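In case you want the letters, here they are:
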Amino acid sequence: MEDMKKWWRDAKFGMFIHWGLYVLLAGEYKGQKTDNIAEWIMHDLDIPVEEYQALAARFNPVHFDADKIVRLCRDTGMKYLVFTAKHHDGFAMYHSKASGYNIVDATPFGRDAAMELKEACDRYGIRMCFYYSQAQDWHHPDGFEDAKPMDGKDFRRYLDEKCVPQVKELLTQYGPLGLIWYDTPMDMSREDCLAMRNLVREAQPDCLVSGRVGHGLGDYMTTGDNFIPLLPYGKDFEVPATINGTWGYSSGDTRWKSPEKLLRNLVKIVSRGGNYLLNIGPDALGDVPEKSVEALGVIGEFMRLNGESIYATRPVPPYPYDIDWGYFTAKPGKLYIHVFDDMPDVYLINMGNVPRRAYLLCDGRPLELRQRETCEHVHSWRIFLPEDLPRQIDTVICVEVEEQDIRFEEITD
Ligand code: H79
């Protein structure tokens, strides 16, 4: 069990892809706009099932290029890809036999996007994973819809007819998967949640299950959307996050996070022991928004030079002082200091380790390291940064220490 989680724990960074019929509306229906996450438009604007499902006849994203998307994933330094096989709207973005309401049988596009992505993932060494909305289904009459009462609904019938067969299809039609990303378990019973987990275990024992299977039955904790734990959490966790203010493509959304902010989030999450699952939302033609491509390009550049300070790192115990200039990550015998501010030097106060040497990770340049020349902190060190520092959002210093584990001592008087 522990072994099956190693790839995921070391990966740190994954790509989420939200893509479905909702991209045709891009946040607007019959002149009405939604400010909410755009993949919720069917629910939020009360679009009747018959009207929404008619979108399928218009779905023809001729620019969709799985190879290009997976190259973007690889070039950003992301190690796994989670694709929305079925979101709450109930539409399958893969070739499903269990329901004709799918991308191959119900659209002029007629291609299995999931298969194309899986094949591209195999080419580039990326783990393919599927998102599947197991409780909410706004197309099937017996699925959950938000928190609406289930009176008169036969949830079991939905599970038997659609949900279980579809998850089985995903687990058998696409080869080995990294994980199944369940979402919003709503009021599902522990027994039903357990059955959804066991479905995965039986078909693919090495495939992980996200925290949102419900009742704490996942292989790791999934935080709230865009929520980052404050401290090292002590257990495996993943933060699903958007680059702007929506998961599914929205033409009006301008809430873009800067590349600096995204990189800071990645390092922050990794420093606290988690994974960052960052979303892109391709549009109705299958194109990834230019703003997203640009931002991911900046992160990719950082990762190419500094990936060692991210992948397979472990969190460091909390630093005993309140700093806002950066974060720490670690590997056995190595402390990585992520410096986001312009500073001439970095102090390591109350360090529990003996540093051997310090160097700039991006080019290997040695950095001057001195024991701090004051009497109040014996175990404190100062590292000098050169003036001709390469311009980076996050300057990473590697400090090699004599001990395996990185420690900071508590503050004493
Ligand atoms: O797939 C993405 C979201 O669609 C999904 N999880 C991520 C990964 C998600 N499902 N539910 N939620 C997120 C919480 C939804 C909250 C809201 Fe709403 C939906 C706020 C606005 C629209 C429901 C309707 C609550 C208020 C109005």
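Refer to the structure presented above.
Worth saying up front: this structure is predicted, and the values here are computed from it rather than measured.

Asker: Residues and numbers for the pairing of strand 5 (residues 127-132), please.
Answerer: If a strand is regular, its side chains alternate between the two faces of the sheet. Counting buried residues in strand 5 gives five out of six residues, a clear majority hidden from the surface. Pairing geometry for strand 4 (residues 80-86) and strand 5, over six bridges, is parallel. Bridge pairing links Leu-81 to Met-128 in strand 5. For the segment spanning strand 4, helix 5 (residues 113-124) and strand 5, crossover handedness is right-handed. Looking at chain direction, strand 5 and strand 6 (residues 179-182) are connected through three bridges and run parallel. Its bridge partner lying in strand 6, Tyr-132 is registered against Tyr-182. Each parallel crossover has a hand, and for strand 5 linked through helix 6 (residues 155-173) to strand 6 it is right-handed.

Asker: Go over empty space enclosed by the protein, please, and point to the residues and values.
Answerer: The full count for this structure, using the stated rule, is one cavity of 30 Å³ or more. The calculated volume of the largest cavity comes to roughly 90 Å³. Lining the largest cavity are 13 residues, and of these Asn-244, Thr-246, Trp-256, Gly-281 and Pro-289 lie nearest its centre. Looking at the lining of the largest cavity, its residues break down into six nonpolar, seven polar and no charged.

Asker: Summarise the sheet that holds strand 5; cite the residues concerned and give the values.
Answerer: The strand order 7-6-5-4-1-10-9-8 describes an open sheet built from eight strands, whose pairing is parallel. One side of each edge strand has no neighbouring strand; the edge strands of this open sheet are strand 7 (208-209) and strand 8 (221-222). Packed onto the sheet, helix 8 (residues 259-271) meets strand 1 (13-17), strand 9 (237-241) and strand 10 (274-280) and runs at close to 150° relative to strand 10.

Asker: Before we move on, could you go through the pattern of salt bridges and cite the residues and values that matter?
Answerer: Counted under the stated rule, the structure contains 28 salt bridges. Ionic pairing is found between Asp-67 and Arg-71, a salt bridge with its closest N-O pair at 2.9 Å. Highlighted residues: Asp-67 and Arg-71, both in helix 4 (residues 66-76), separated by four residues, approximately one helical turn. Judged by relative accessible area, which is 18%, Asp-67 ranks as buried. Arg-71 sits in the partly exposed class, given a relative accessible area of 32%.

Asker: So, the environment of Thr-107: which residues are in play, and what are the values?
Answerer: The residue Thr-107 is located in the loop between strand 4 and helix 5 in this model. By relative accessible area, which is 10% here, Thr-107 ends up buried. As for Thr-107 and Gln-136, which are separated by 29 residues in sequence, their C-alpha atoms are 22 Å apart. Other than its neighbours up to four places away in sequence, Thr-107 contacts Ala-56, Phe-59, Phe-91 and Asn-102. Within the structure, Thr-107 has its side chain in polar contact with the backbone nitrogen of Phe-109 (distance 3.2 Å).

Here is what the cut-offs are and how they apply
Residues numbered from 1 in each chain as written. Predicted model: local features only at pLDDT ≥ 70, side-chain atom pairs only at ≥ 80, totals over all residues. Heavy atoms only, no water. Buried < 20%, exposed > 50% of the residue type's maximum accessible area, 1.4 Å probe, protein only. Helix = DSSP H or I, 4+ residues; strand = E, 2+ residues; numbered from the N terminus. Pairing = 2+ DSSP bridges. Right-handed = clockwise from strand over helix to strand, strands pointing away. 1 Å grid on protein atoms, 1.4 Å probe; cavity = no way out; pocket = protein on both sides within 12 Å on 5 of 7 lines; lining within 4 Å. Points joined across faces, edges and corners; volume = space filled by probe spheres on them. Nonpolar A, V, L, I, M, F, W, Y, C, P; charged D, E, K, R; others polar. Contact = heavy atoms within 4.5 Å. Axes fitted to C-alpha atoms, helices over the stretch in contact; angles between N-to-C directions. Salt bridge = Lys/Arg side-chain N within 4 Å of Asp/Glu carboxyl O. Polar contact = N/O pair within 3.5 Å; in protein donor to acceptor, adjacent residues only side chain to side chain.

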